[in-house]
Every structure is written in C-alpha cells, then in structure tokens.
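# Results of the structural survey
Each chain is listed here by its residues.
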Amino acid sequence: MEVAQLTWAERLQGFLVAGAALLGLSLGSVDQISGLGEHIVLPALLVMLAAFFVQVDVGSVGDVSRARRLVGASLVMNYLFTPLVAWALGAGLLGAQPDLRIGLLLLLVTPCTDWYLVFTALARGHTGIAVALLPVNLVLQLMLLPVYVLLLGGEAAPVEAGVLVEAVALVLLVPLAAATILRRTAGRVGGASARRRLDRWASRSTLPLLCLAVGAMFAWQAETVWTAGGTLLMLLPPLLAWFVLMPLIATVVSRLLGLPGEQRVTLTMVTVARNSPIALGIAVAAFPDQPLIALALVVGPLIELPVLAMLAPLVRPRGSR
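## What to know about the overall build of the protein
Counting its secondary structure elements, the protein contains 13 helices and zero strands. Across the protein, helices and strands are ordered from the amino to the carboxyl terminus as α-α-α-α-α-α-α-α-α-α-α-α-α. Across the 321 residues that make up the protein, the buried fraction comes to 55%. Here the analysis covers contacts within the protein between residues at least 6 apart in sequence; of these, 84% occur between residues at least 24 apart.

Printed below as a string of structure tokens:
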C-alpha cells in the first residue's frame, strides 16, 4: 500500500465525504431515491471493503518483531485503554443518547486501517511498522468488537450477541473472500502486471465507494438527519476531547518507554486515528433500525481527517523534513 504522499483525492477526502452526505440529503426528499438508498449502502460498503482487503499485505505481520516495545504499547493502548476512554466519554457526555453512545463506541474502539499510514508517513513516522500493524489491528478489532459492544454498550446496545457476530462475519468474510479470489485470479491469469492493475483499481475505488455509501445512507435516512441534526452535534464534545487527550497520552507513553522519534510518531498515529470502514459496515448490518449509530460513524471522519492533517507536523521528529 502506497503511503508516501497524499493524492489530491486523499487531501480532499473530508470535503468529498461531506459533499456526498449533502448530495444524499438533497436527493433524500425524492421517495424513489430514498428507497433506493437503503439497498445501496451495504453492498457499496462490502465492495469497498473488498477493495481495501485487496491492498492488505498479510505477509508484513512478521515485521512487528522489529519494535516489540512499540507493538506492545500499541496493543495495550488500542485494546485495553482506549475502550475504557471511549466508554467514559460516551457515559459522561452522551448518557441520554444511547444510539450516539454506541456510534461513538464503534468509532473509537476500532483503530484506523487505512489513512493513518499516510499521516504516519507525512509525520516521518516508521511506516514499515505501521504497515505491519495493519493486519494485526484488522484481526483484533474484528474479534473484539462484539465483546466491546456487549460489555461496554450495556442497555444502549439492544442487540443479541448472535446478530452482532453475524454482522461481523458478513463484513469480514464476504469482502475477504472476494479479495482473495480477485488476487489469486489476477495472479494466475495475468501475473505481476495484473496484480498491479488490481492494486491500482482497489486504491482508486475505495474513496468513491465510500462516498457512494455515505450518499446513499444520507438519502435513505434524510428524514432522520433533518429531525435529529442537532442531536448529531452532541458528538463534537467527546470527539474533540478524544483528539486532544489521546495524542498527549501517546506522547507521554512514548517518552516513558524511551521510543525513538519515528516510533513515537507511529504510536501516536495508530492510537489517535480511528476511521475504520469496517465499523460502518458492522453498524449498518447489526443496527439497521438505529440509523444514528451509522450516522455517528460518518461524522467522526469529517472531524478526524483535518485533525490528523494538523497533528502530523506537530509530532514530526526534530530535524526531519
């Protein structure tokens, strides 16, 4: 996965996603389009995830042994500490909004599995270890997400464990199987050149498919958004608290462990960045009658991407360009 620099689309991702949401809202007043949106959201997300899985190099997992302190700190921060912070922020600031609490929980307990690589590179972090952590984070978040929702969601998550596990399996197995078939078929039929073309297609398709899913979701749920728009603004305080608190904690942990500059940057990015498309797919599949949960997961990245862009130069090691 190429992480050297941001393309123009990546730089404008937040604006593009916001534009897709606004377009969906405007089209949602047309009954035929609103009804069609319901049938587009989940298929678009599944195709997007298949394109994402095509780009994941599972073979890089072995590289995590090169920085055991960084990897250990990342796992503790992401899978023990941050779920507790997410629960505390939701309980403290969204206590009367159970759907937003679940949306916030789904957003904050799933580490980012794509864009953090770009911002790690921009901040001059150790991109090799960041890439190696990607499949590890992917597997762990899929395994632990049902546990977090059921244990920390409490009464705010009225979903059976079986339904949640089925949603995770759908969002994981279908795109993963499709990606595996595509990669093997491309390799056998066209060799290395076909694999490169497949990778280019996958990297260029992810953002348009995300915009399609977001636009369809807002068209489908336009009435909910218009009536609950003020409620969605309640997500701002806990999200802003997260993006102020977590970089500071990651910096303190890095210094206590004596991590070198590029590893400190990597720990900061893998701890702060959330924006996992998998959580959005699970929210749509597991909570189809609670649209605010999925909408909360769309609002999060609109705030996160500008924050990561501002954070990158602030955490860049001294002396690096």
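## Topic: helix α5 (residues 98-108)
For α5, the buried fraction is high: nine of the 11 residues fall into the buried class. Of the residues making up α5, those classed as buried are D99, L100, I102, G103, L104, L105, L106, L107 and L108. Taken together, the buried residues of α5 touch α4 (68-93), α7 (127-152), α9 (222-232), α10 (236-257), α12 (277-286) and α13 (291-315).

## Quick word on a nonpolar patch on the surface
Together, L23, L27, V30 and I33 make up a nonpolar patch on the protein surface, roughly 290 Å² of accessible area in all. Here V30 shows up in the loop between α2 (13-27) and α3 (31-55).

## Examining the pattern of salt bridges
As enumerated under the stated definition, the model contains one salt bridge in all. The shortest N-O distance in the salt bridge between D199 and R183 comes to 3.4 Å.

## Concerning the environment of R196
With respect to the helices and strands, the residue R196 is situated in helix α8 (residues 161-220). In this structure, the C-alpha to C-alpha distance between R196 and A186, residues 10 residues apart in sequence, is 9.1 Å.

## Considerations on helix α11 (residues 261-272)
Counted at 1.5 Å a residue, the expected span for α11 with its 12 residues is 16 Å, and the 17 Å between its end C-alpha atoms agrees. Within α11, 10 of the 12 residues are buried, leaving the element largely enclosed by the surrounding structure. Every buried residue of α11 is listed here: Q263, R264, V265, T266, L267, T268, M269, V270, T271 and V272.

## Side note on the environment of L172
Its place among the elements puts L172 in helix α8. L172 has contacts with F53 and L142, leaving out every residue within four places of it along the chain.

## Examining unusual backbone geometry
The phi torsion of most residues other than glycine is negative, and most of the peptide bonds are trans. Of note, R124 is a non-glycine position whose phi angle comes to about 65°, a positive value. Summarising the element assignment, R124 is placed in the loop between α6 (116-122) and α7. Owing to a relative accessible area of 34%, R124 belongs among the partly exposed residues under this scheme.

## Topic: the nonpolar core
Membership of the largest hydrophobic core comes to 102 residues, with the highest contact counts inside it found for L106, Y116, L235 and M269. Residue contacts for Y116: discarding those within four places in its chain leaves A130, V131, L133, L134, M269, V270 and A273.

## Comments concerning the packing of α3 against α12
Axis separation between α3 and α12 bottoms out at 10 Å; the angle between their running directions is 150°. It follows from the interaxial angle that α3 and α12 lie roughly antiparallel. At the point where α3 passes α12, the crossing takes the left-handed sense. Contacts between α3 and α12 involve V41, L42, L45, M48 and L49 from the first element and P277, I278, L280, G281 and V284 from the second. Among the residues forming the contact of α3 with α12, the class breakdown is nine nonpolar, one polar and no charged.

## Structural notes on the side chain of T271
Relative to the helices and strands, T271 resides in helix α11. Not counting residues within four places of it along the chain, the set of residues in contact with T271 comprises M77, N78, W242, M246 and A250.

## Overview of the packing of α4 against α7
At a minimum axis distance of 11 Å, the contact between α4 and α7 shows a crossing angle of 30°. In terms of orientation, α4 lies roughly parallel with respect to α7. As α4 packs across α7, the resulting crossing turns out to be right-handed. Residues L70, V71, S74, L75, N78, Y79, P83 and W87 of α4 touch α7, and the partners they reach there are I129, L133, V136, N137, L140, Q141, L144, Y148 and L152. Among the residues forming the contact of α4 with α7, the class breakdown is 13 nonpolar, four polar and no charged.

Basis of the calculations
- Residues numbered from 1 in each chain as written.
- Predicted model: local features only at pLDDT ≥ 70, side-chain atom pairs only at ≥ 80, totals over all residues.
- Heavy atoms only, no water.
- Helix = DSSP H or I, 4+ residues; strand = E, 2+ residues; numbered from the N terminus.
- Buried < 20%, exposed > 50% of the residue type's maximum accessible area, 1.4 Å probe, protein only.
- Contact = heavy atoms within 4.5 Å.
- Patch = residues over 30% accessible without salt bridge, like charges linked within 9 Å, V, L, I, M, F, W, Y side chains within 5 Å.
- Areas by Shrake-Rupley, 256 points an atom, 1.4 Å probe, with all protein chains shown as cover.
- Salt bridge = Lys/Arg side-chain N within 4 Å of Asp/Glu carboxyl O.
- Expected span 1.5 Å × (residues − 1).
- Core = buried A, V, L, I, M, F, W, Y, C linked by side-chain atoms within 4.5 Å.
- Axes fitted to C-alpha atoms, helices over the stretch in contact; angles between N-to-C directions.
- Parallel < 35°, antiparallel > 145°, perpendicular 65-115°, else oblique.
- Left-handed = near helix turned anticlockwise from the far one by under 90°.
- Nonpolar A, V, L, I, M, F, W, Y, C, P; charged D, E, K, R; others polar.

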